Amino acid sequence: MAEEPNLDAYLKRVNFSGSIAPGIELLTSLHQLHPSAIPFENLDPLMEVPVRLDLSNLEQKLVVERRGGYCFEHNLLFKAILDDLGFVTRPLAAYVSRGAGPGAEPVLNHMAMLVDVAGVQYLADVGLGRHVLTGPLRLKAGIEQDTPNERYRLTEGEGQWALEIESEDWAPYYTFEIIDRTMEEYRAMNDLTQVAFRDELRVARSEPGVRYALLNNRLTVYRRSAEPEIRVLSSTLEIRDVLMQTFGIQLPKDDARLDGALEKAFRPRHA
């Protein structure tokens, strides 16, 4: 028997109140609340602590301990919640092409999902970091779709879909195919992803109209139709404060290991 999530604890974590009848209103509300309450963060890979994808660990970390995580953690938890609420979901594997160098080999390194609402398919993704969707997108090519933050669109050709963001000049952010994959395949993708997240601190949280992003010691606040606000942090103490106050993260208790990991934010970066 599959594990069942603690629905009440999750709804409290994301500050939801209202009807839990499965429909587009509920999906839209949860999709907005989740990335506002539960941040994207890679502290565990940075500390070289293994990222576990079973539901009990995801709930303990993201709900009980008031931490965050990256795409596989966020979207597997969100999928379990939606399934429990009566939605029909289908996980998707994606390749994040934004930031990949010229000629980079496409590697599946991201997870999203499709959600069926009364026969209509929506793309849901609460684990995309700074560009996380703050609302579901109808799985329909060529139309611009608003969220409380950016405007997005999906394109499709020969069975391959791409997610594009207006603020990125409609460049493809990631691509995916609608193909069923096993949990073992997602665990293998997660193994590669956590290794890729060991060297740089990446944290993000999004509210309607505003996004907060921390890349190493550089904190940026993005507001719609405004210039980004940038603050450079000068110590691990400042980073700790920002993690708690701006991103709402309850920090891991292993202070020595955490401080050692946060020191990576001040390493010289090579072009």
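Our structure's up above, just so we're on the same page.
Here is a short report on the structure shown in this document. As the structure is a prediction and not an experimental result, all values here were calculated from the model. (Residues numbered from 1 in each chain as written. Predicted model: local features only at pLDDT ≥ 70, side-chain atom pairs only at ≥ 80, totals over all residues. Heavy atoms only, no water.)

Digging into the side chain of Arg 205
The criterion, for reference: Numbering of helices and strands runs from the N terminus, with a helix taken as a DSSP run of H or I at least four residues long and a strand as a DSSP run of E at least two residues long. Relative accessibility thresholds used throughout: buried, under 20% of the residue-type maximum; exposed, over 50%; partly exposed, between the two (1.4 Å probe, protein chains only). Think of a polar contact as two N or O atoms within 3.5 Å of one another; within protein, one of them needs to be a possible hydrogen donor and the other a possible acceptor, and neighboring residues in sequence only count if both atoms come from side chains. Contact definition: two residues touch when any of their heavy atoms are within 4.5 Å.
In this fold, Arg 205 is placed in strand β10 (residues 202-207). Residue Arg 205 is classed as buried on the basis of its relative accessible area, which comes to 12%. A distance of 3.0 Å separates a polar side-chain atom of Arg 205 from the backbone oxygen of Thr 246. Beyond its immediate sequence surroundings of up to four residues, Arg 205 is in contact with Pro 35, Ser 36, Pro 39, Val 210, Arg 211, Tyr 212, Thr 246 and Phe 247.

So, the sheet that holds strand β2 (residues 88-96)
As a reminder, the rule being used: In this analysis, strands are considered paired if DSSP registers two or more bridges between them.
Spatially, the eight strands line up as an open sheet ordered β5-β4-β3-β2-β9-β8-β7-β6, and their pairing is antiparallel. Two strands in the sheet have a free side with no partner beyond their single neighbour: β5 (137-138) and β6 (144-146). Where strand β3 (residues 110-117) lies against strand β4 (residues 120-124), five bridges are found, and the strand directions are antiparallel. Across the sheet, Val 115 pairs through a bridge with Tyr 122, a residue of β4.

Quick word on the nonpolar core
Quick note on the threshold: As used in this record, nonpolar core signifies buried Ala, Val, Leu, Ile, Met, Phe, Trp, Tyr and Cys residues forming a set joined through side-chain atoms within 4.5 Å.
Counting 26 residues, the largest nonpolar core has Tyr 10, Leu 27, Leu 30, Phe 78, Leu 82, Phe 87 and Val 115 as its most contacted members. Looking at this core, the elements that each hand over two or more residues are α1 (7-13), α2 (24-37), α4 (55-64), α5 (71-85), β3 and β4. With six residues, α5 is the largest single contributor of residues to this core. If sequence neighbours within four positions are ignored, Leu 30 has contacts with Tyr 10, Leu 11, Val 14, Phe 16, Phe 78, Leu 82 and Leu 85. Counting 21 residues, the second largest nonpolar core, distinct from the first, contains Leu 46, Val 210, Leu 258 and Leu 262.

Concerning the packing of aromatic side chains
The condition that has to hold: Only Phe, Tyr and Trp rings take part, Trp by its six-membered ring, and two of them pair if their centres are within 6.5 Å. Stacked means planes under 30 degrees apart, edge-to-face means over 60, and tilted covers everything else.
If you walk through the whole model with that rule in mind, you get five aromatic pairs. With a centroid separation of 5.3 Å and 40° between ring planes, the pair formed by Tyr 70 and Phe 197 is classed as tilted. Here Phe 197 lies in the loop between α6 (183-196) and β10 and Tyr 70 lies in the loop between α4 and α5, a separation of 127 residues in the sequence. A residue is classified by how much of its surface remains accessible, and Tyr 70, at 0% relative accessible area, is buried. Look at Phe 197 and you get buried, because its relative accessible area is 17%.

Some thoughts on unusual backbone geometry
In this structure, Ala 118 is a non-glycine residue whose phi angle is positive, near 55°. Among the structural elements, Ala 118 can be located in the loop between β3 and β4. One non-glycine residue, Ser 225, lies in positive phi territory at about 65°. The exposure class of Ser 225 is exposed, given its relative accessible area of 81%.

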